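A closer look at the structure
Each chain, letter by letter, is given below.
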Amino acid sequence: MTTSVSPLSRLGHNLRQTLGNILIPILAILTSLVVVAGVIALSGANPLEGFMGLWDGAFGDGDAVANTIIKTTPYIFAGLALTIAFRGGMFNIGVEGQFFVGSIIATLIGYALRLPPVIHLIVAILGGAIGGGLWGAIPGWLKARTGANEVITTIMTNYIILRIINWLISPNGGPMRNPARPLPQTPEVYPTAYLPWIDFSKINFPWVNLSWLASATGSLHWGSILALIMAVIVFVLLWRTILGFEIRTVGISPTAARYAGVNVERTMVTTMALSGAMAGIGGAVQVLALTHYFSTGFNVGYGFDSIAVAMLGGLHPAGVVLAAVLFGAMDAGATIMQMRTGVPIDIVTIIQGLVLMFVAADLIVRQIYRIRVKPADGTTPVSATVQTAGESG
Amino acid sequence: MAEQQLALRVEDVTKRFPGVLANNDINFDLEKGEIHALLGENGAGKTTLMNIIYGLYKPDDGKITINGEEVVLHDPNDAIRRGIGMVHQHFMLVPVMTVTENVMLGNEKTTTNFLHMLAPLDRKRIAREITQLADQHNLKVDPSAYVRDLPVGTQQRVEIIKALHRGAEILILDEPTAVLTPQEADELFDIMRSLTQKGKSIIFITHKLKEVLAIADRITVLRGGQVVGSAIPSETSEHELASMMVGRDVLLEVEKSEAMPGDVVLDVTDLIAEDDLGHQVVRGVSFEVRAGEILGVAGVQGNGQREMVEALTGLRRAVGGHITLLGENITRSQPRHITDIGSAHVPEDRHKHGLVLPFTVADNLVLNAYHVEPFSKQFFVNRAAIDANADRLVQEFDVRTPSIETPASSLSGGNQQKTIVARELSHATVKLLIVNQPTRGLDVGSIEFIHKRIVQARDNGVAVLLISAELDEIMGLADRIAVMYSGRIVATVPAEGADRNRLGLLMAGAEVSSEINTLM
Amino acid sequence: MMDEKFFIGLLALAFVKATPITLGALTGIYSERSGIINIGIEGTMLVAAFTSFIVSVVSQNLWVGLLGGMLAGGLVSLLLAVLSIRYKVNQIIAGMVINLLAIGVTNYATRVYIDTSGIAGIGVLPKWRIPLLMDIPILGPILFQHQPLVYFMFGLVVLTHYVMFYTPWGLRTRAVGEHPRAADTVGIPVNPMRYASTVIGGLIAGMAGSFLVVEAVGSFQKMMTTGRGFIALAVMIFGRWNPFGALVAALLFGFAEALGVRLQLGDINNIQALVYLTGLGMLLGGTIQMITDFVKKKETRSKIIAGMVAITGLIAAILGQTLTFPPTVIPFQFLGILPYVLTILVLTGMVRGAAAPAAEGVVYEKQ
Amino acid sequence: MRKNLFVSLLVLLTIVLVLSACGGATPTATEKPATDAPTEVVTEAPTEPAATEEAPTEEAAGCAIRIGYVTDVGRIDDDSFNEASWTGIQQAAEQLGLGDDCYDYIETQDTADYVSNIEAFVKEGYTIIVTSGFLITEGTRTAAESNPDIKFVGTDQGQDVDYDGVDDVIPNLTGILFHEDQSGFLAGALAGLMTESNTIGGVYGTNTVPPVVRFKVGYELGAKHVNPDITVLSAYHPGTSDVAFVDPAWGGETAQTMIDQGADVIFGAGGDTGNGALTAACNAGLPVIGVDVDQYLTVPEVQACIMSSAQKDLVTAVRDNVLAAAGEGEWTPGTFYGKAFLAPFHDWEDKIPDDVKATLEDLAEQILAGEIVTCPPGSEGAGCPE
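Residues numbered from 1 in each chain as written. Chains lettered and ligands numbered in written order. Predicted model: local features only at pLDDT ≥ 70, side-chain atom pairs only at ≥ 80, totals over all residues. Heavy atoms only, no water.

So, the sheet that holds strand E8 (residues 266-269) of chain D
Residues and elements named next belong to chain D. Spatial ordering of the open sheet is given by E7-E6-E8-E9-E10-E12, a layout of 6 strands whose pairing is mixed. The open sheet has two edge strands, strand E7 (231-236) and strand E12 (340-342), and neither has a second partner. Strand-to-strand twist across the sheet, computed as the mean angle between neighbouring axes with direction ignored, equals 15 degrees. Pairing of strand E9 (residues 288-292) with strand E10 (residues 306-312), which is carried by 5 bridges, proceeds in the parallel orientation. (Pairing = 2+ DSSP bridges. Helix = DSSP H or I, 4+ residues; strand = E, 2+ residues; numbered from the N terminus. Axes fitted to C-alpha atoms, helices over the stretch in contact; angles between N-to-C directions.)

Here's what the structure looks like:
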């Protein structure tokens, strides 16, 4: 019997656990690449060349890295949104739609309101967060009130919001269309709401010298920094606040949460609202930093792909950031890969699917590499989630 | 030959699970037409052994002989084919199906050709067969009823019919009386006797000493996965069996002093509550619990106790009546508020309610106090305070865990329960302790520990409401005993001098005499 | 305007639209009744559509193509089953894996193998006009002038109902999905049953996917399932895991979609049609509810509510047919939303957890 | 809990290490970043329009001309827009005698990526950049302004319209547009003349795409022009643009609805969705009219039924403009209107009466002469000239 353990041995225990936690995703990625190499080779192309192209496109030079970071950013937001939801036991398939709501609301605020510079930006981002949050709260509320399975309702709300937005920006009388041109897009937001590029020449921390980055000015926007800040906030939220404790408790065992005095229904709604808000911020950032207007074909797929990001990241903000970098890099690299080697971009979707599969089915990876590290004991609520998903049918 | 008389023989059976030697070199036999009791504590290896006999597990070593023929059982089908039937402790019935469907499941008897899986079911024929079997063995049941609508006693009969319908000659009954009143248990014993008279053999698994002595022809005692002794009822005593079972002398009685009841802490009047399906299962319950006393609620499971406790703790909305805790009306209060006033609750189901299994021991120890100081301030939790609290409680309540960072799921049942008890009793302000089935499925050591703590709480002036299906536990701990039947408190009597037999009758819903009522 | 022809056209189309969705829902019923959640129906259909196209082109025979599509569907579902059962993957994640991989693989393969070769489809299966039956007024054109898979779909609905509720196979499948341990203790092999059921479901999803190629379109297009697999999932829940329930739900869905198209054509006043049809729906629903209330001897209040719904519906229908409405065109995106809103409404109206197999999504392990 | 803290510490540590390593590298700036540094300086184009030191990088040296193509959202092989543009580029490259390495495409996956995709080509030293799709109008314009030495060709983009006070015409930018309404008008007239039931149908992608709307507007006007009593049934796919063009099953079912309403000629204009309509109508034995390209050639399944296609000759337009950008032909900055006309009748050559053919020819002349308005102002979402 042990009543207290020395901090050192605790650390050692944790180190081993952490290694185990990191090892599996890495091996999962490797395995996926090997499988995909086979697929590429089958089509007659050279997999090694393909991967080299992928790498060059993602990290080959400063611009590639910047491109990777830009593409990583939405994955971080969406991955964090899913982390909150999954931790809270809500299988939020609706991040896709919540992302869109964030974009469209931020755009609306961006072009319909006239506000002073910084305030306009903040209001637009907050508007995106609130919009995404409210849209996310609907399935949460439906589940809390009626037990409607959130997997189905979020799939449905995705369809609904896509079509509503399609109408909003439709040149055929859509209320948010750009009257100046017959295109399915909104007017441009005022520059006061732009999320600016990072001007590295103006950043002077006393402890690090960033002047060497000055040339990168104009290739990275503040949204990426915001994403990292959000990752820290999500960590603090989930593991250092009362609300986080409640979210995680509800996520694993709603019955125990009720017993512990948690208002389960309210927590479900809150979880979905926070998740949607995070997605909404992501959507807002994409508009305010990159296009400055909303049009069809914008931001498609982040919500779905980020399910893999969240899982790969072990439903932990730090892991999500790393996983998002992987996905962002693949997106960024795929263009160059296809340009140079003719290997179709679709190969990236296959890689992403395989990564998700091998991470989720870590037993396969363990079998292949004969790993005996004990799986982390139920630290993620995903198995519990399935039960809640099933029970409410 | 003596062999001919043996229905079943188990020789040198060993079964290992990762980290546990569940069955170690066990020898056991069953004669035709006898009731052989297998006695042991939880975790002694009884269920493992039965699962081996029933073909659910393969033994690592040893052999099994049925009717003189050595057999290897690959799955339950093999066992069933050889005439073994089992009535599991947790009934293996599909609630949303009818009795007929449950009985025919896996034994549909459609046709014998290769299309038998797709041939139409003959429900009428099976229903007829059920009625026949029921008449033959005095097991009344409606074949067309849905199992979810049946009382537990009837469900048990369905289980027995299910086994008989498969032609079982050897019946294994795993803790069959756990859900029955003493009277229902007696009925079950009658059925068992009549079955053995018709040539069936029965293995009777239990940890209840009195029952063993009442019904068994022979007794084998298991402890720590090994056979530690055997006996014949007429030649042994409860005390001897208990010592054999636990491995040391045990106190069958809980030591406690006279209660010193103080002010009324909990006052319940005409409480009405419904179950999940909307049936009224608590139908006007009234009682009070005073500081420094233990009120025991006796009753067979499923008579509204769960819903009553949930209503008292705010987990379920009361449909009618009043609940007053320390002078405050809490009838419509949320669980959080009730806890904050000073109510502690050791729930019936520790996995569903009491613990968040993947959470650490430390987190579980603040499961309903994380939101108050010192464990949190404003919006943030205070890890240091939570860990310090855990270190202290783990020591104080003898929770055996590798560390406070260990997930609760890896603790043994006893230690999980101790964790809950530690948490609930460590509230600074506990005035009322509600304990529901506090020792179900625990080893004797843990039972003793928890009993001691409950009495200690009482002595410190806490009002205790103890709900248990174990009449012995109630009689050992309570100062007053309320009997609950069919959603009502049918009687309340002082524990001292309470008559076991009469309590049993009350639990079974026998006429309530005015004499007992006046004792309230 | 809203004459006989209008309804016949809508209903006949509703059956066509309901076919892949119902088949997809049957897939869900087979796997979920056995305890495996299947949100990979969409991906399964996509792979099957692709395969059926390749096979039909190579064999120059649509029926062989159908067979190929079904086998592909079975294989994809086998992957789902292996991930869910053998590797204990969270079943929703496993479904997402299927969907992701299906999109990736079919897009990739289309680009690498089909687009470059310029192969063309070989047409679609001809309609089977059922002699005599097709001549029945009204019902004939609605029910008996379809392509073969529409009839197959009906057949499979009936067959599935029979198998699930009237055979040992179905009894065992349901037991495995409700209480796997109980099934295990009477010697039913839980996981093999789940494998079998999921794969059978996959074969049907294969038919649903093939439908799009061999019956609806005649060639494969990337992402051509366009969410029908997800709708099927909703329809399955809508129909409470029952084949006939799913069929009715899919028909409702198909009808709503067909109506969305029909109202766009411009020859019908949108508002008028909606008022009229909503009234008709209320009349129908209210009447059915009232009849069941009387049969099941429900409380009076329920009967009165049902009656009032029916009467309101009747009034609305009459008004819709007689009044003149200002010509209004509802943005077609809103008409397109109808089915999804309907799904959410029904889902929230259902009693909590009703009918979902109890052990759904839970890995069965021997203790 | 502690574990999570640990992980975040680990990450923090890594970040600090990386940052300090980089910071430390500044004094001795020659080591690791050295390989990257030159390209970084060169590629620092976006904020300084005068990035004239766009000295061809080494890869570019092999090609005198490099052509880059940024697709509309979607794939290169979409049987439609992207594919036709790419074919035009390939033809031009062949004519120019360029090697395979000298022209390339980037598939756009998200409208947010347009700019960075154009940038990628700019950085790699491409000399002609073709972009596809109206949504990239602005992005192309901005890029053209920043890179005056690169020739830009944008398809489906009006590049002479005065937006936001910018100059009308940028010298190194041509946008290609088509009068889809004109070929749509002829298709409508053909349908209107050939119908026996006096009812015809048109199945379209989504109304958020102006060219699709122009086809519809033209088709309806054309039919009514030759046959004032005709009923024209029209339906857009209700899905978003990612679904609206790839749902052939929907197209087929919708065509069937129209056939049930008596339509006996079906016009399909909406990618795969439209093709689905053509196939379904053809299976029902009705004549159909295709769109964009000569679909007699691209949808072999309907060869027997297809009377013609409302064609816009994207391939030729792109080819000619790319050639012009390369110096072979006349470079016309601003908006270039490509040809829109009816495709050959192929198998229907004999079935279409001569007077119908004559009427069509007559109409075509009138349209070209501006005597018939095929895209009246106020047609919402069509982008017709006001």
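Read on, since the account is not over.
Here's the deal with helix H3 (residues 62-87) of chain A
Residue and element names in this part refer to chain A. Helix length check: H3 (26 residues) gives 36 Å between terminal C-alpha atoms against 38 Å at 1.5 Å per residue, within 8%. Thr72 marks where H3 bends most, by close to 25 degrees; the proline Pro74 follows one to four residues later. The positive-phi residue at the C-terminal boundary of H3 is Gly89, with phi of around 75 degrees. (Expected span 1.5 Å × (residues − 1). Bend = angle between axes of the 7 residues up to and from the residue.)

So, the interface of chain D and chain C
Contacts between the two partners involve 32 residues from chain D and, on the opposite side, 32 residues from chain C. When the two sides are added together, the surface that chain D and chain C hide from each other amounts to roughly 2,700 Å², 52% of it contributed by carbon and sulfur. Contact with chain C buries area across many residues of chain D, yet Asp77(D), Glu253(D) and Gln261(D) alone supply 20% of it, more than any other trio. Linking chain D to chain C there are 3 salt bridges. Notably, a salt bridge pairs Arg228(C) with Asp247(D), separated by 3.1 Å at the nearest N-O pair. Applying the counting criterion to the chain D and chain C interface returns 6 residue pairs in polar contact (both at pLDDT 80 or more). Looking at the side of chain D that touches chain C, the elements that each hand over two or more residues are strand E2 (103-108), E7, helix H9 (248-260) and helix H10 (271-283) of chain D. Sort the elements by how many residues they give to the side of chain D that touches chain C and H9(D) lands first, with 9 residues. Partitioned by chemical class, the residues of the side of chain D that touches chain C number 14 nonpolar, 9 polar and 9 charged. (Contact = heavy atoms within 4.5 Å. Buried area = accessible area lost by both parts, 1.4 Å probe. Salt bridge = Lys/Arg side-chain N within 4 Å of Asp/Glu carboxyl O. Polar contact = N/O pair within 3.5 Å; in protein donor to acceptor, adjacent residues only side chain to side chain. Nonpolar A, V, L, I, M, F, W, Y, C, P; charged D, E, K, R; others polar.)

A word on the pairing of strand E19 (residues 432-436) of chain B
All names here are of chain B. Along E19, 5 of the 5 residues are buried, which leaves the element largely enclosed by surrounding structure. On E19, burial covers both faces: Leu432, Ile434 and Asn436 on one face and Leu433 and Val435 on the other are all buried. Bridge count for strand E16 (residues 343-346) against E19 is 4 bridges, and the pairing is parallel. Bridge pairing in E19 links Ala344 to Leu433. Pairing of E19 with strand E20 (residues 463-468), which is carried by 5 bridges, proceeds in the parallel orientation. Note on E20: the bridge partner recorded for Ile434 is Leu465. The β-α-β motif built from E19, the intervening helix H16 (residues 444-459) and the parallel element E20 has right-handed crossover chirality. (Buried < 20%, exposed > 50% of the residue type's maximum accessible area, 1.4 Å probe, protein only. Right-handed = clockwise from strand over helix to strand, strands pointing away.)

Structural notes on the environment of Val39(A)
Residue placement: Val39(A) occurs in helix H1 (residues 7-42). Residues Val39(A) and Asp305(A), spaced 266 residues apart in sequence, show a C-alpha to C-alpha distance of 21 Å. Residue contacts for Val39(A): discarding those within four places in its chain leaves Ile347(A) and Tyr108(C).

Focus on the state of the cysteines
All names here are of chain D. In total, this model carries 2 disulfides over all chains according to the counting rule given. Disulfide pairing is shown between Cys282 and Cys305; the S-S distance is 1.8 Å. On the S-S bond that ties Cys282 to Cys305, the torsion sits near 60 degrees, and the link is right-handed. Of the two residues, Cys282 is situated in helix H10 and Cys305 in the loop between helix H11 (295-298) and E10; the sequence distance between them amounts to 23 residues. (Disulfide = S-S within 2.5 Å.)

Brief notes about the packing of helix H1 (residues 4-33) of chain C against H9(D)
The N-to-C vectors of H1(C) and H9(D) enclose an angle of 160 degrees; their axes lie 10 Å apart at closest approach. One way to sum up the angle between H1(C) and H9(D) is to call them roughly antiparallel. Crossing hand, H1(C) versus H9(D): right-handed. For the pair formed by H1(C) and H9(D), the contact residues are Lys5(C), Gly9(C), Leu13(C), Val16(C) and Lys17(C) on the first element and Trp250(D), Glu253(D), Thr257(D) and Asp260(D) on the second. Of the residues assigned to the contact of H1(C) with H9(D), the class counts are 3 nonpolar, 2 polar and 4 charged. (Parallel < 35°, antiparallel > 145°, perpendicular 65-115°, else oblique. Left-handed = near helix turned anticlockwise from the far one by under 90°.)

Describing the packing of aromatic side chains
Taken as a whole and assessed by the stated rule, the structure comprises 29 aromatic pairs over all chains. Seen from their ring centres, Tyr75(A) and Phe327(A) are 5.7 Å apart, and the 70 degrees between their planes marks the pair as edge-to-face. A residue pair is termed long-range when its members are at least 10 positions apart, and Tyr75(A) in helix H3 and Phe327(A) in helix H12 (residues 317-341) qualify at 252 residues. Just as Tyr75(A) is buried, Phe327(A) falls in that class too. Centre to centre, the rings of Trp63(C) and Trp128(C) are 5.9 Å apart; their planes meet at 35 degrees, and the pair counts as tilted. Within this pair, whereas Trp63(C) is found in helix H3 (residues 62-86), its partner Trp128(C) is found in strand E1 (residues 128-129), the two being separated by 65 residues in sequence. Note on Trp128(C): relative accessible area 36%, which makes it partly exposed. Taken together, Tyr204(D), Phe215(D), Tyr219(D), Tyr236(D) and Phe267(D) form an aromatic cluster joined through their ring pairs. The ring of Tyr190(A) has Arg114(A) lying over it, and the distance from NZ or CZ to the ring centre is 3.7 Å. Taking NZ or CZ as reference, Lys351(D) lies 4.5 Å from the ring centre of Trp348(D), over its face. (Phe/Tyr/Trp six-rings, centres within 6.5 Å; stacked < 30°, edge-to-face > 60°. Lys NZ or Arg CZ within 6 Å of the ring centre and 35° of its normal.)

As for the pattern of salt bridges
All names here are of chain B. With the rule as written, the count across this model stands at 49 salt bridges over all chains. Its salt-bridge partner being Asp479, residue Arg458 comes within 2.7 Å of it at the nearest N-O pair. Here Asp479 lies in the loop between helix H17 (471-477) and strand E21 (480-485) and Arg458 lies in helix H16, a separation of 21 residues in the sequence. Both residues of the pair, Arg458 and Asp479, count as buried. Among the salt bridges present, the one from Asp472 reaches Arg500, with a minimum N-O distance of 2.5 Å. Pair noted here: Asp472 is in helix H17 and Arg500 is in helix H18 (residues 500-507), with a separation of 28 residues, a long-range link. Among the residues examined, Asp472 registers a relative accessible area of 41% and is labelled partly exposed. Judged by relative accessible area, Arg500 falls into the partly exposed class, the value being 32%. The network of salt bridges with shared partners includes Lys210, Glu238, Asp472 and Arg500.

As for the confidence of the model for chain C
Confidence in the prediction of chain C, expressed as mean pLDDT, is 88, and 96% of residues score 70 or more. Reported confidences for the modelled complex are a pTM of 0.86 and an ipTM of 0.83. (pLDDT = per-residue confidence, 0-100.)

Considerations on a nonpolar patch on the surface
Residue and element names in this part refer to chain A. Judged by side-chain polarity, Ile22, Ile26, Leu30, Ile368 and Tyr369 come together as a nonpolar surface patch covering roughly 420 Å² of accessible area. Those elements that provide at least two residues to the nonpolar patch are H1 and helix H14 (362-369). Considering each element in turn, the nonpolar patch owes the most residues, 3 residues, to H1. Mapped onto the fold, Leu30 is located in helix H1. (Patch = residues over 30% accessible without salt bridge, like charges linked within 9 Å, V, L, I, M, F, W, Y side chains within 5 Å. Areas by Shrake-Rupley, 256 points an atom, 1.4 Å probe, with all protein chains shown as cover.)

Details of the interface of chain A and chain C
Listed by partner, the interface residues are 56 residues for chain A and 48 residues for chain C. Salt-bridge contacts for Asp346(A) lead to Arg111(C); the nearest nitrogen and oxygen are separated by 3.2 Å. In this assembly, chain A and chain C are joined by 4 residue pairs in polar contact (both at pLDDT 80 or more). When contributions to the side of chain A that touches chain C are tallied by element, the ones reaching two or more residues are H1, helix H5 (117-146), helix H6 (150-168), helix H11 (302-312), helix H13 (346-360), H14 and helix H15 (382-392) of chain A.

Remarks on a negative patch on the surface
Side chains of Glu361(D), Asp362(D), Glu365(D) and Glu371(D) sit close together on the surface and give a patch of like negative charge. Using a relative accessible area of 58% as the deciding quantity, one classes Glu371(D) as exposed. (Lys, Arg positive; Asp, Glu negative; His and termini not counted. Charge placed at Lys NZ, Arg CZ, Asp CG, Glu CD.)

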